[in-house]
Amino acid sequence: MPAALSVPTLSTAKKRAREVRANLALIGKVITHSEALEHVAKELGFRNWNVAAARLSNRPQLHLSIGDRVSGRYLKQPFEGTVLSVHPIGHGDAYQLTLQFDEAVDVVRFESFSAYRQRVNATVSPEGVTWAKTSDGAPHLVLDL
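Read on for a plain summary of the structure.

Calculation criteria
- Residues numbered from 1 in each chain as written.
- Predicted model: local features only at pLDDT ≥ 70, side-chain atom pairs only at ≥ 80, totals over all residues.
- Heavy atoms only, no water.
- Helix = DSSP H or I, 4+ residues; strand = E, 2+ residues; numbered from the N terminus.
- Rg over C-alpha atoms; globule rule 2.2 N^0.38 Å.
- Buried < 20%, exposed > 50% of the residue type's maximum accessible area, 1.4 Å probe, protein only.
- Contact = heavy atoms within 4.5 Å.
- Arc of directions from axis to C-beta.
- Pairing = 2+ DSSP bridges.
- Axes fitted to C-alpha atoms, helices over the stretch in contact; angles between N-to-C directions.
- Left-handed = near helix turned anticlockwise from the far one by under 90°.
- Nonpolar A, V, L, I, M, F, W, Y, C, P; charged D, E, K, R; others polar.

Turning next to the overall build of the protein chain. Helix and strand content of the protein chain: 3 helices and 5 strands. Tracing the protein chain from N to C terminus, the helices and strands come up as α-α-α-β-β-β-β-β. Scaling as 2.2 N^0.38, a compact globule of 145 residues should have a C-alpha radius of gyration of about 15 Å, whereas the protein chain reaches 20 Å, well beyond that. Along the three orthogonal principal directions, the C-alpha set of the protein chain runs to about 65 × 30 × 20 Å. The 145 residues of the protein chain split such that 37% are buried.

Structure representation (structure tokens):
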């Protein structure tokens, strides 16, 4: 199984099918998208694409519930806190979270000024990382999963 599919989701399986189709086209073998989906289903150990799609779409990606304890980094600062809400977006391609930190986090890096946040909303990937980044490229929020 390819490394990208080590923890497959429905969207990563579909992406892999597009890659399989494109790679085969490069060597002159043309297949339909359906055939590529069937190929990926077999790679993942499923009988066919219908079974794979059903299993992957029912699999929760981010295993968080209201009240769960979490830790990680918010704006590069460590935190521990509680999940106040979690909502899947799409087919588990992203999650909208509200977190309550145990201790407020200073979101300003100036020595002469501070601004503290104790409750944050964030949209995270199934891996628990935001797509939003700071000016130096670090994700705003990274959960320790």
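Moving on from the coordinates now.
Quick look at unusual backbone geometry now. Despite not being glycine, leucine 75 shows a phi value in the positive range, around 50 degrees. Tracing the chain through its elements places leucine 75 in the loop between strand 1 (69-74) and strand 2 (77-89). Positive phi, close to 70 degrees, is recorded for lysine 76, a residue that is not glycine. With respect to the helices, strands and loops of the structure, lysine 76 is situated in the loop between strand 1 and strand 2.

With that settled, consider the side chain of serine 125. Here serine 125 lies in the loop between strand 4 (116-124) and strand 5 (141-143). Not counting residues within four places of it along the chain, the set of residues in contact with serine 125 comprises Leu62, Asp93, Tyr95 and Trp131.

Here helix 2 (residues 33-43) has its buried residues at Ala36, Leu37, Val40 and Ala41. Looking down the long axis of helix 2, one finds its buried residues gathered within 145 degrees of arc, a one-sided arrangement. Glycine 45, located one to two residues past helix 2, shows a positive phi value of around 90 degrees.

Turning our eyes to something else, we now look at the sheet that holds strand 3 (residues 94-106). Taken in spatial order, the 5 strands line up as 4-3-2-1-5 in an open sheet, and their pairing is antiparallel. Looking at the sheet topology across the chains shown, the edges are occupied by strand 4 and strand 5. Geometrically, the sheet is characterised by an average inter-axis angle of 40 degrees between neighbouring strands, direction not taken into account. The pairing of strand 2 with strand 3 spans 8 bridges and is classified as antiparallel. Bridging across to strand 3, histidine 87 finds its partner in glutamine 96.

As a further point, take the pairing of strand 3. Looking at chain direction, strand 3 and strand 4 are connected through 8 bridges and run antiparallel. The residue of strand 4 that forms the bridge with leucine 97 is alanine 122.

Taken N-terminus to C-terminus, the directions of helix 1 (residues 10-26) and helix 2 make an angle of 115 degrees; their axes are 8 Å apart at the nearest point. Crossing of helix 1 against helix 2: the hand is right-handed. Contacts between helix 1 and helix 2 involve Ala13, Lys14, Arg16, Ala17, Arg18, Val20 and Arg21 on the former and, on the latter, His33, Ala36, Leu37, His39, Val40 and Glu43. Of the residues assigned to the contact of helix 1 with helix 2, the class counts are 6 nonpolar, 2 polar and 5 charged.

Only one face of strand 1 is covered, namely the one carrying Val70, Gly72 and Tyr74; the face carrying Arg69, Ser71 and Arg73 has none of its residues buried. Of the pairings in the sheet, the one linking strand 1 to strand 2 comprises 6 bridges and is antiparallel in character. Following the sheet pairing, glycine 72 is matched in strand 2 by phenylalanine 79. Connecting strand 1 to the next strand, strand 2, in antiparallel fashion are 2 residues, including leucine 75 with a positive phi near 50 degrees. Both strand 1 and strand 5 contribute to a ladder of 3 bridges, which runs antiparallel. In the strand pairing of strand 5, glycine 72 is matched with leucine 143.

Function cannot be inferred from these measures alone, as they are strictly geometric.
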